[in-house]
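Read off the chains here:
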Amino acid sequence: MPQTPGLVSSEIGTLWMTYQQKTMALRMLEYFIKKADDQEAKDIMVNIHEKIEPYAEKIVTIFQEENLPIPTGFTGVDVNEDVPKLYDNGFDIMFLRLIKEISTGMHTLNLSMSYREDITQFYRELSVITQQCYDDCTQYLLKKGLIAKSPYVAVEKTVEYVSNTNYLSGLNPFSDKRPLSTVELAHLYHGIESNKIGLQMIKGFAQCAEEQEVRKYFDKGVKLAKNIVDDLSKFLEDGYIQVPGTEGGNVTTSSVAPFSDKLMLYCVNLFCGFSIGGSSLGTSFSLRNDIPTRMSILMKDIFSYAHEGAKILIKYGWMEESPQSFKKNQ
C-alpha cells in the first residue's frame, strides 16, 4: 500500500490556525448554549457544536500521526459557563453567524493551500457544515427581526457602459459624485453590519475583562468600531440611502467575564483580520475613488489596533506560536 505523504508547511499552518479558531468557537458556544433562553437558537448552537468538535479532535489525531506538537488552543480554563449572561436579544446567533462567515473564507483559502487528499476533503466537509450553519443563523435572525437586510434601491432598466472617466471621481468636494453602484453598496453595508456586531461584542468584553490594560484596549476597540460604522454609513447617507438598523445583540449589565482575557483578545484579533480582508475586497471592487481612499485609512487603523492587541497577548504570555521551521544552525 502506498504511504500517505507527510504534511507540507501550508497544511501544517492552516490546520494549526483552524484548531485555534475551532477551539475558541467551541468554548464560546458552550457558554452561549448554557445561557440560551430560546430553544430554536439553542438547537442551532448545539447542532454546530456537535458537528465541528470532531474536526478539532481530528486535527489532534493528524498532528499526533505526524509527530507534531499538539496545539493548546482554548480549553475549559478559558470559559466560565456559570456567570450571568453578558449578551441578550439574539447576540449568540448574531455572533455565530459572523464566526461562520469568517470560517467560510478561511476554509476556502485553506483548501487552496492543501494538497493531501484527506486534508482537502477535511476542508470541503467543513465548508458544507459552515455554509449550512450560516444559512440557519441568517434565517433565524430574519424571522426574529434581529437583523436587517441591505437597502433596497431603484436600478436602471437597461444595461449601461461607462463612457467617461468621471465615473472614477469622488474626491473633489466641489464636483458631483455619481450614485453608488450596487456592488459598492453591497460591500459598504457588509462592513457596517459586521462592525455593528463587532461593536456589541467588544463592548461586552470591555465591561468584563479582568486586566485593566485589556479593558482599556477593548474600550479603544469600541471607539474604532463606532468610527468605522459612522464613516461607512456616511457614504450611504450622502447618497440619500437609508442605513438599515440592527435591532438585536444587547450587552447586559453583567461585569463578570465568561471568557478568559486570552480568549477575548484572540477573538478580537480574529475579527480584525476578517475586517481587514473584507475592507481589502471592498476596496478592490469600488471604482469611485473616495471609497478606496477612506477604506485604506480604516484598514491602517484596524491593522494598528490588531498589532497593539498582539503586543498585549505577548506581554502576558498568551500568544501561542504556530509551528516553526528549523533555523539553519539547528
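Here we summarise the structure given alongside this text. (Residues numbered from 1 in each chain as written. Predicted model: local features only at pLDDT ≥ 70, side-chain atom pairs only at ≥ 80, totals over all residues. Heavy atoms only, no water.)

### What about unusual backbone geometry?
In step 1: For N67, which is not glycine, the phi dihedral falls at a positive 60 degrees.
In step 2: Mapped onto the fold, N67 is located in the loop between α2 (39-65) and β1 (87-88).
In step 3: With a relative accessible area of 71%, N67 lands in the exposed category.
In step 4: Phi at Y240 takes a positive value of approximately 60 degrees, unusual for a residue other than glycine.
In step 5: By relative accessible area, which is 79% here, Y240 ends up exposed. (Helix = DSSP H or I, 4+ residues; strand = E, 2+ residues; numbered from the N terminus. Buried < 20%, exposed > 50% of the residue type's maximum accessible area, 1.4 Å probe, protein only.)

### Observations concerning the pattern of salt bridges
In step 1: In total, this model carries 17 salt bridges according to the counting rule given.
In step 2: Taking the shortest distance from any N to any O, the salt bridge between K315 and E213 comes out at 2.9 Å. One end of the pair, K315, is in helix α8 (residues 290-315); the other, E213, is in helix α6 (residues 212-238), with 102 residues separating them in the sequence.
In step 3: A relative accessible area of 57% places K315 in the exposed class.
In step 4: Salt-bridge contacts for R294 lead to D231; the nearest nitrogen and oxygen are separated by 2.3 Å. Highlighted residues: R294 in helix α8 and D231 in helix α6, separated in sequence by 63 residues.
In step 5: Here R294 falls in the partly exposed class, since its relative accessible area comes to 28%.
In step 6: Given a relative accessible area of 22%, D231 falls into the partly exposed group.
In step 7: Each of the salt bridges in this network shares a partner with another, and the network as a whole consists of D37, K85 and D88. (Salt bridge = Lys/Arg side-chain N within 4 Å of Asp/Glu carboxyl O.)

### Topic: the nonpolar core
In step 1: One finds F205 and F218 to be the most contacted residues of the largest nonpolar core, which totals 94 residues.
In step 2: Listed by contribution, the elements that provide at least two residues to this core are α1 (9-35), α2, α3 (91-112), α4 (117-144), α5 (182-208), α6, α7 (261-284) and α8.
In step 3: Here the element with the most residues in this core is α1; it accounts for 12 residues.
In step 4: Beyond its immediate chain neighbours, meaning those up to four positions away, F205 contacts M28, Y87, F218, F259, M264, C267 and V268. (Core = buried A, V, L, I, M, F, W, Y, C linked by side-chain atoms within 4.5 Å. Contact = heavy atoms within 4.5 Å.)

### Regarding α1
In step 1: The first and last C-alpha atoms of α1 sit 40 Å apart over 27 residues, in line with the 39 Å expected at 1.5 Å per residue.
In step 2: The buried fraction of α1 is high, at 21 of 27 residues. (Expected span 1.5 Å × (residues − 1).)

### Overview of the packing of aromatic side chains
In step 1: This structure, assessed with the given rule, holds 16 aromatic pairs.
In step 2: An aromatic cluster of at least three residues, connected via ring pairs, comprises Y31, F32, Y87, F91, F95, F259 and F271. (Phe/Tyr/Trp six-rings, centres within 6.5 Å; stacked < 30°, edge-to-face > 60°.)

### A closer look at the state of the cysteines
In step 1: Using the criterion set out here, one finds 0 disulfides in the structure.
In step 2: In this model C137 remains outside any disulfide bridge; the closest cysteine sulfur is found in C133, 4.1 Å from its own.
In step 3: C267 carries a free sulfur, and the closest cysteine sulfur to it, the one in C272, is 9.9 Å from it.
In step 4: With relative accessibility at 0%, the residue C267 sits in the buried group. (Disulfide = S-S within 2.5 Å.)

### Observations concerning the packing of α3 against α5
Helix-helix packing: each pair is described by the crossing angle between the helix axes and the interaxial distance.
In step 1: Where α3 meets α5, the closest approach of the two axes is 10 Å, and the angle between their N-to-C directions is 125 degrees. The angle between α3 and α5 places the two elements in the oblique class. Considering how the two elements wind past one another, α3 and α5 form a crossing that is left-handed. Two secondary-structure elements touch here, α3 through F91, M94, F95, R97, L98 and E101 and α5 through H190, E193, S194, I197, Q200 and M201.
In step 2: The residue makeup of the contact of α3 with α5, split by class, is 6 nonpolar, 3 polar and 3 charged. (Axes fitted to C-alpha atoms, helices over the stretch in contact; angles between N-to-C directions. Parallel < 35°, antiparallel > 145°, perpendicular 65-115°, else oblique. Left-handed = near helix turned anticlockwise from the far one by under 90°. Nonpolar A, V, L, I, M, F, W, Y, C, P; charged D, E, K, R; others polar.)

### Some remarks on the environment of R288
In step 1: One can find R288 in the loop between α7 and α8.
In step 2: Note on R288: relative accessible area 6%, which makes it buried.
In step 3: Measuring from C-alpha to C-alpha, the distance between R288 and L126 comes to 37 Å, with 162 residues separating the pair along the chain.
In step 4: Within the structure, R288 has its side chain in polar contact with the backbone oxygen of R178 (distance 2.8 Å). (Polar contact = N/O pair within 3.5 Å; in protein donor to acceptor, adjacent residues only side chain to side chain.)

### Here we look at the packing of α1 against α3
In step 1: As a packed pair, α1 and α3 sit with axes 12 Å apart at the nearest point and diverge in direction by 170 degrees. Taken together, the axes of α1 and α3 lie roughly antiparallel to each other. Crossing handedness for the pair α1 and α3: left-handed. Residues T14, M17, T18, Q21, K22, M24, A25, M28, L29 and F32 of α1 form the contact with α3, whose own contacting residues are F91, D92, F95, L96, I99, K100, S103, M106, H107 and N110.
In step 2: Its residues placed into classes, the contact of α1 with α3 shows 11 nonpolar, 6 polar and 3 charged.

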